[in-house]
Amino acid sequence: MAARQRADYDVIIIGAGVSGLYQLYRLRERGFRVRLFEAGSGVGGTWYWNRYPGARFDSESYSYGYSFSPELLREWNWSEHFAAQPETLRYLEFVADKFDLRRDITFDTRITAASFDAATDTWTVHDSAGLLAAARFLIMAVGALTVPVMPTIEGVDSFKGEAHHTARWPHHPVSFSAKRVGVIGTGATGVQVIQEVAKSAQHLTVFQRTPNWCAPLHNRPITDAEQTHIRAGYAETFAICRESFAAFRHVSDRRNALDVSAEEREAMYQKLYDSPGFGLWMANFRDVLVKPEANKTLSDFVARKIRERVRDQATAAKLIPSNHGFGTRRVPLETRYYEVYNQANVELIDIRATPIERVTADGIQTTAALHALDMIIYATGFDAVLGALSKIEIRGRDSQALAAKWSGGPRTLLGMMSAGFPNLFFLVGPHSAATFCNMPRCIEHSVEWLTALLEHLRTQGKHRVETRVEAEDAWTSHVHESAARLLLTQVDSWFMGVNRNLPGRDTRHFLLYAGGFPTYRRRCEEIALGGYAELAVA
Ligand code: NA7
């Protein structure tokens, strides 16, 4: 494409991660003219940026890969039950090559603004140098965990050693040996990186503000026999994912924890604790994420495990969450994470007890001590779900800004479109099922639904589509009603849009959809089968 020239496409996609790549493939296959802009120098999105040691799936590898191409399923072998980031990135590069996707992707281009022109029913997109292109439809495939957030700690820039945010990890190898390393953050990322750094660092200091409830991953290599079995079972795997709440292989138990005996409960928790993946979170009794008393039985079980695994009981106590129950925040999956704290080279600092005062040239000063460091790793998370959208100045009809419309929380239909913003779509948008999901499963569904909508418009000779306000109101109410019963809405986390490193982000706005993938799919299908009556089309 001739840069800076106004070019006409049917569709512009922003982002070459799991969702953008598949959307590009599908639309091109259906004869749409598509251009994809990507800020990075390669494909992969999350898996391109998050190169920190220890980054890996929490989804079973073979439930995460794309399902749309039988040939791809035949050609690709995952090496582990939960693949590490380099393998996932190789997989997405393989997909891009196999389907020749790169020819329609412009890399190293960060979109900064997008605006709708009602006179021509087109969207134009800009980067910092100016106008790039125009298209009838614009699809934001910018990811839910894309914009890294640094902590608001005084002196962060004054540190003289190496400093890395996990989501901006260098492309060259980083060695920890003979180094004193500090890690800030103990979310899903922090837990993964801590396990790795502890293996070779001379000394590792973990600065923990809030402990999270973790569960064992139980990863291992896939044997040849398993490979054959996995390949033969793909149809069944995807069928299970389609019907499960969050599109994992783990299906929740129909019983309530409070309806069975203490022995039965214990046996169930132990079985799930010993099983790979998210079972303890996703395949548990149905009341554990809803009823505080049921949740307490599970939290008590996991607390006991932590006490058994960590030798020093004062350290174990610090690692046991006290302000939220198991599964009410994202559950980090771990491999010998708790045992790390039995190592002589690892120290855990509870920064609620002794807060960080500042980062100095030489390390981290808490109210109790100066921790001298050669490297600081920030595992401090993201401006989740809305971050990447808010980095783009998006203006719809009458120049209305999306950020202004959503200042009191997102309002969407299906998490895919928003009134006042015709011809604009979100993949993994706020309030879409994909936000609380084994993502590619929900992404494939969204892409296919959206592609069918665009084909429908083309067949009808229509140029403009926009959700009706009533449909958006109904969906937004449904999102909040279906979440209200869950304990996770009573806890601060990125699910709830709380991020105290960002101004004005200490109020809870539920950002996900927690009505379950089957319910979400049903609603999408009803809308399509009903001839898209929820949408105004012109
Ligand atoms: P998370 O889950 O948002 O975790 C961020 C961690 O960083 C968490 O432990 C925070 O403590 C900690 N944090 C953030 N800011 C600070 C400051 N200022 N001081 C000290 N500690 C801080 O991000 P992740 O990258 O781990 O995971 C995000 C998702 O990516 C994950 O859920 C997976 O889906 C993949 P806090 O809990 O706020 O006290």
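Just so you know, these numbers come straight off a predicted model, no measurement behind them. (Residues numbered from 1 in each chain as written. Predicted model: local features only at pLDDT ≥ 70, side-chain atom pairs only at ≥ 80, totals over all residues. Heavy atoms only, no water.)

A. Structural context of the overall build of the protein. A count of helices and strands for the protein gives 18 helices and 20 strands. Taking 2.2 N^0.38 as the reference for a compact globule, 538 residues should give roughly 24 Å; the C-alpha atoms of the protein span a radius of gyration of 23 Å, in line with that estimate. By its C-alpha atoms, the protein is 70 × 55 × 50 Å across when sized along the principal axes. Counting the 538 residues in the protein, one finds 59% classified as buried. A separation threshold of at least 6 residues defines the contact pool for the protein, and within that pool the share at least 24 residues apart is 72%. Accessible area of the protein: about 21300 Å², with a carbon and sulfur share of 50%. Charged side chains of the protein number 61 positive and 60 negative; the gap between the two group centres comes to 1 Å. (Helix = DSSP H or I, 4+ residues; strand = E, 2+ residues; numbered from the N terminus. Rg over C-alpha atoms; globule rule 2.2 N^0.38 Å. Buried < 20%, exposed > 50% of the residue type's maximum accessible area, 1.4 Å probe, protein only. Contact = heavy atoms within 4.5 Å. Areas by Shrake-Rupley, 256 points an atom, 1.4 Å probe, with all protein chains shown as cover. Lys, Arg positive; Asp, Glu negative; His and termini not counted. Charge placed at Lys NZ, Arg CZ, Asp CG, Glu CD.)

B. A look at the state of the cysteines. Enumeration according to the criterion identifies one disulfide in this entry. What pairs with Cys437 in a disulfide is Cys442, and their sulfur atoms sit 2.0 Å apart. Its S-S torsion of approximately 85 degrees makes the covalent link between Cys437 and Cys442 right-handed. Summarising the burial analysis for this pair, Cys437 and Cys442 share the class buried. Here Cys241 is not cross-linked by a disulfide; its sulfur's nearest cysteine counterpart is in Cys437, at 8.6 Å. (Disulfide = S-S within 2.5 Å.)

C. Structural detail: unusual backbone geometry. Phi is positive for Ala247, which is not a glycine, with a value near 65 degrees. Take Ala247: it is sitting in the loop between helix H8 (234-243) and helix H9 (262-273). In this structure, Tyr532 is a non-glycine residue whose phi angle is positive, near 60 degrees.

D. The arrangement of the sheet that holds strand E16 (residues 375-378) in detail. Spatial strand order, E7-E16-E8-E9-E12: five strands in an open sheet with parallel pairing. Each end of this open sheet is capped by a strand with a single partner; those strands are strand E7 (162-165) and strand E12 (346-350). Adjacent strand axes in the sheet meet at a mean angle of 15 degrees when their direction is disregarded. Of the strand pairs in this sheet, strand E9 (residues 203-208) and E12 are connected by five bridges, and their pairing is parallel. Within E12, the position partnered with Leu204 by the bridge is Val346. (Pairing = 2+ DSSP bridges. Axes fitted to C-alpha atoms, helices over the stretch in contact; angles between N-to-C directions.)

E. Spatial organisation of the site of the ligand. Inspection of the region around the ligand gives 20 residues, with Thr189, Arg209, Thr210, Trp494 and Asn501 positioned closest. For the ligand, an oxygen atom lies 2.6 Å from a polar atom in the side chain of Thr189. A distance of 3.0 Å is found between an oxygen atom of the ligand and a side-chain nitrogen or oxygen belonging to Arg329. Contact with the protein chains covers 84% of the free accessible surface of the ligand, which is 770 Å². Class assignment for the residues of the shell around the ligand results in eight nonpolar, eight polar and four charged. (Near = heavy atom within 4 Å. Polar contact = N/O pair within 3.5 Å; in protein donor to acceptor, adjacent residues only side chain to side chain. Nonpolar A, V, L, I, M, F, W, Y, C, P; charged D, E, K, R; others polar.)

F. Region of the structure containing the sheet that holds strand E14 (residues 363-366). Pairing is antiparallel in the open sheet, where three strands are placed in the order E13-E14-E15. In this open sheet, the two strands that pair with only one neighbour each are strand E13 (356-359) and strand E15 (370-372). Going across the sheet, the axis of each strand differs from the next one's by a mean of 20 degrees, ignoring polarity. Bridge count for E13 against E14 is three bridges, and the pairing is antiparallel. The residue bridging Ile356 from the neighbouring strand is Thr366, located in E14.

G. Local environment of the pattern of salt bridges. Applying the stated criterion to the full structure yields 37 salt bridges. For the salt bridge of Arg220 with Glu226, the shortest nitrogen-to-oxygen distance reads 2.8 Å. Here Arg255 ties to Asp253 by a salt bridge, and the two come within 2.9 Å at their closest N and O atoms. Under the relative-accessibility criterion, Asp253 is labelled buried at 19%. Three or more residues are tied together by salt bridges with common partners; here these are Arg26, Glu29, Arg30, Glu455 and Arg458. (Salt bridge = Lys/Arg side-chain N within 4 Å of Asp/Glu carboxyl O.)

H. Representation of the pairing of E9 within the structure. Burial runs high along E9: five of the six residues are buried. Inspection of the sheet shows strand E8 (residues 180-184) paired to E9 by five bridges, in the parallel sense. Each bridged residue has a counterpart across the sheet, and for Arg180 the counterpart in E9 is His203. Tracing the backbone out of E8, into helix H6 (residues 188-200) and back to the parallel element E9 gives a crossover that is right-handed. (Right-handed = clockwise from strand over helix to strand, strands pointing away.)

I. Fine view of the nonpolar core. Judged by nonpolar contacts, the single largest core of 166 residues is most densely connected at Tyr66 and Met140. Top element by residues in this core is helix H16 (residues 439-460). It accounts for eight residues. When residues of this core are assigned to domains, at least three map to each of domain 1 (8-43 + 101-147 + 384-537) and domain 2 (180-225 + 247-378). If near-sequence neighbours (up to four positions away) are discounted, Met140 is found in contact with Ile14, Ala114, Leu389, Ile392, Ile394, Leu424, Phe425, Phe426 and Leu427. Among the nonpolar cores identified, the runner-up in size contains 13 residues, and Val156, Phe159, Ile184 and Ile351 belong to it. (Core = buried A, V, L, I, M, F, W, Y, C linked by side-chain atoms within 4.5 Å. Domains from an automatic or database assignment.)

J. View of the side chain of Gln365. Mapped onto the fold, Gln365 is located in strand E14. Only 3.5 Å separates the side chain of Gln365 from the backbone oxygen of Ala369, close enough to count as a polar contact. Leave out the neighbours within four places in its chain, and Gln365 touches Pro355, Ile356, Glu357, Arg358, Thr360 and Leu370.

K. Layout of the domain arrangement of the protein. Partitioning the protein into structural domains gives domain 1 (8-43 + 101-147 + 384-537) and domain 2 (180-225 + 247-378). Facing the 15 residues of domain 1 at the interface are 13 residues of domain 2. On the domain 1 side of the interface with domain 2, the three residues burying the most area are Asn438, Leu487 and Val491, jointly 41% of the side's total. In this structure, the connection of domain 1 to domain 2 is made through zero salt bridges. Our enumeration of links across domain 1 and domain 2 arrives at three residue pairs in polar contact (both at pLDDT 80 or more). Across the side of domain 1 that touches domain 2, the residue classes tally to 10 nonpolar, two polar and three charged. (Buried area = accessible area lost by both parts, 1.4 Å probe.)

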